Amino acid sequence: MTVIDIPGSKSVTARALFLAAAAHGTTTLLRPLRSDDSEGFAEGLKALGYAVRQEPDAWHIEGRPAGPGRTEADVYCRDGATTARFLPALAAAGHGTFRFDASPQMRRRPLGPLTTALSELGAELTHGDREGHHPLTVTARGIRGGALRLDAGQSSQYLTALLLLGPLTAEGLAVTVTDLVSEPYVEITLAMMRSFGAEITRTEEADGARTYTVAPTGYRATRYAVEPDASTASYFFAAAALHPGAAVTVPGLGTGALQGDLAFAGVLRRMGADVTTTAEGTTVRSTGTLRGLTVNMRDISDTMPTLAALAPFADSPVRIEDVANTRVKECDRLDACAENLRRLGVSVATGPDWIEIRPGVPAGPAEIATRGDHRIVMSFAVTALRTPGITFDDPGCVRKTFPDFHAAFDAFRRTL
């Protein structure tokens, strides 16, 4: 049995940084993720005028409920989608002119539904290039609040950004969502907001939409422990399921975990792995069997590449459905998975929102086209366990979420 210490959750760290910045008092975050994305978020807060003190295993953030400490700032969001989507919403609650830009990769990713919503709430937004994309300037005069409708079928982060903003409005916020992808990430948001003192209710509408109503309570500072990243754990879980006789335990991802991506372990159970989840953590053990299956991964789409990279080793086809949103991540992940599996000689078919992978022994040597996407690298590291000769054209892009991934995964490989 191998026990793996997974770094803190990227999703939880980003939300915690927003909440801490918006809270009354000083918040301490325990074991936050240290990666390019989370460091970029912290640097963005500093640029806006928030005090952030970073120790190795604890970050201390002095909250500013009235908004950024500066009335003018330039924020570079790097590759971080949470930084690029959450910080403009935080800035909108303040007063001043705040300019946001991002990497070429992040500039390609859409913001439209969020920027439209912020404009409807009274923030003045101008785009430096394409509408609904970075670079973006927010001229803020505070947010009164009110009601709006939102399509979050492309990214749940649009809804999360607005929910996080809700307690900072003068009159509260009601967001009616007509479509929603990756709903478990919204559940993370709601649970964390409540930990910082927010009050949120959800009602189902007659037309099938749902409305989230957020009271204008503000936030209270707290001491918050960041749980391990469930998406990152998926690579180690998949590796254990693949290797006969292997078993891995990830402490801190147990029955009380917030992250929906822990459901990936349930996918492995359906494929034949032995999976045990207790209050303390989750263990995945190989049974020597990997069955094919058809699975809807709409709510856990960040783990779609993990399953795609594992799929050739199953005894029958693996079909992954309802993952159209993976085409607008750091890259078109559905297409990237298909391209790289074909490079390895695996038979793959794709559609607008699905991919089907037939059994076959991947053949190296082959260079994986990462497209600068950390999840493509980490997923195909699983394939490489049984495929000699796999290399990556940009192995360092894992710094986005797990800078030490290659060393950690190699150490795990040696235990198998």
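Structure's up top.
Every value quoted in this text rests on a predicted model; they were computed, and no experiment measured them.

A. Here's a closer look at the packing of aromatic side chains. Enumeration according to the criterion identifies 8 aromatic pairs in this entry. Aromatic side chains Phe402 and Phe405 sit 5.8 Å apart centroid to centroid with 70° between the ring planes, which places their arrangement in the edge-to-face category. The same class applies to Phe402 as to Phe405, namely buried. Connected via pairs of aromatic rings, a cluster forms that spans Tyr235, Phe236, Phe402, Phe405, Phe409 and Phe412.

B. Layout of the packing of helix α8 (residues 230-242) against helix α13 (residues 405-413). Put simply, α8 and α13 touch, their axes get as near as 11 Å, and they point 25° apart. In this view, α8 runs roughly parallel relative to α13, as classed from their interaxial angle. Note on packing geometry: the crossing formed by α8 with α13 is right-handed. For the pair α8 and α13, the contacting residues are Tyr235, Phe236, Ala239 and Ala240 in the first and Phe405, Ala408, Phe409 and Phe412 in the second. Among the residues making up the contact of α8 with α13, the classes are represented as 8 nonpolar, no polar and no charged.

C. Structural view of the nonpolar core. Core analysis: the biggest nonpolar cluster contains 74 residues, and Leu45, Leu90, Leu118, Leu159, Leu162, Met193 and Tyr219 have the highest contact counts within it. The element contributing the most residues to this core is helix α1 (residues 10-22), with 9 residues. Contacts of Leu159, omitting those with residues within four sequence positions, involve Leu150, Ala152, Val175, Val177, Leu180, Val186 and Tyr212. One finds Ile4, Ile300, Leu310 and Phe412 within the second-largest nonpolar core, a separate group that totals 68 residues.

D. Spatial organisation of the pattern of salt bridges. Scanning the model with the defined rule gives 35 salt bridges in all. The shortest N-O distance in the salt bridge between Lys329 and Asp302 comes to 3.4 Å. Here Asp302 lies in the loop between β19 (293-296) and α10 (304-310) and Lys329 lies in the loop between β20 (318-321) and α11 (333-343), a separation of 27 residues in the sequence. Note on Lys329: relative accessible area 19%, which makes it buried. A residue is classified by how much of its surface remains accessible, and Asp302, at 11% relative accessible area, is buried. Here Arg371 ties to Glu339 by a salt bridge, and the two come within 2.7 Å at their closest N and O atoms.

E. Seen up close, the environment of Gly252. Examined against the element boundaries, Gly252 turns out to sit in the loop between β16 (247-251) and α9 (264-271). In this structure the C-alpha to C-alpha distance between Gly252 and Thr282, which are 30 residues apart in sequence, comes to 8.0 Å. Contact partners of Gly252, with chain neighbours within four places excluded, come to Glu227, Pro228, Glu280 and Gly281.

F. Expanded view of empty space enclosed by the protein. Evaluation of the coordinates by the stated rule reveals 1 cavity of 30 Å³ or more. By volume, the largest cavity is sized at about 290 Å³. Arg109, Gln157, Tyr185, Asp302 and Lys329 are, among the 25 residues lining the largest cavity, the residues nearest its centre. At the level of secondary structure, the elements contributing two or more residues to the lining of the largest cavity comprise α1, α3 (81-92), α6 (157-165) and α12 (374-384). Per element, the largest residue contribution to the lining of the largest cavity is 3 residues, and it comes from α1. For the lining of the largest cavity, the class distribution of residues is 6 nonpolar, 9 polar and 10 charged.

Rules used throughout
Residues numbered from 1 in each chain as written. Predicted model: local features only at pLDDT ≥ 70, side-chain atom pairs only at ≥ 80, totals over all residues. Heavy atoms only, no water. Phe/Tyr/Trp six-rings, centres within 6.5 Å; stacked < 30°, edge-to-face > 60°. Buried < 20%, exposed > 50% of the residue type's maximum accessible area, 1.4 Å probe, protein only. Axes fitted to C-alpha atoms, helices over the stretch in contact; angles between N-to-C directions. Helix = DSSP H or I, 4+ residues; strand = E, 2+ residues; numbered from the N terminus. Parallel < 35°, antiparallel > 145°, perpendicular 65-115°, else oblique. Left-handed = near helix turned anticlockwise from the far one by under 90°. Contact = heavy atoms within 4.5 Å. Nonpolar A, V, L, I, M, F, W, Y, C, P; charged D, E, K, R; others polar. Core = buried A, V, L, I, M, F, W, Y, C linked by side-chain atoms within 4.5 Å. Salt bridge = Lys/Arg side-chain N within 4 Å of Asp/Glu carboxyl O. 1 Å grid on protein atoms, 1.4 Å probe; cavity = no way out; pocket = protein on both sides within 12 Å on 5 of 7 lines; lining within 4 Å. Points joined across faces, edges and corners; volume = space filled by probe spheres on them.

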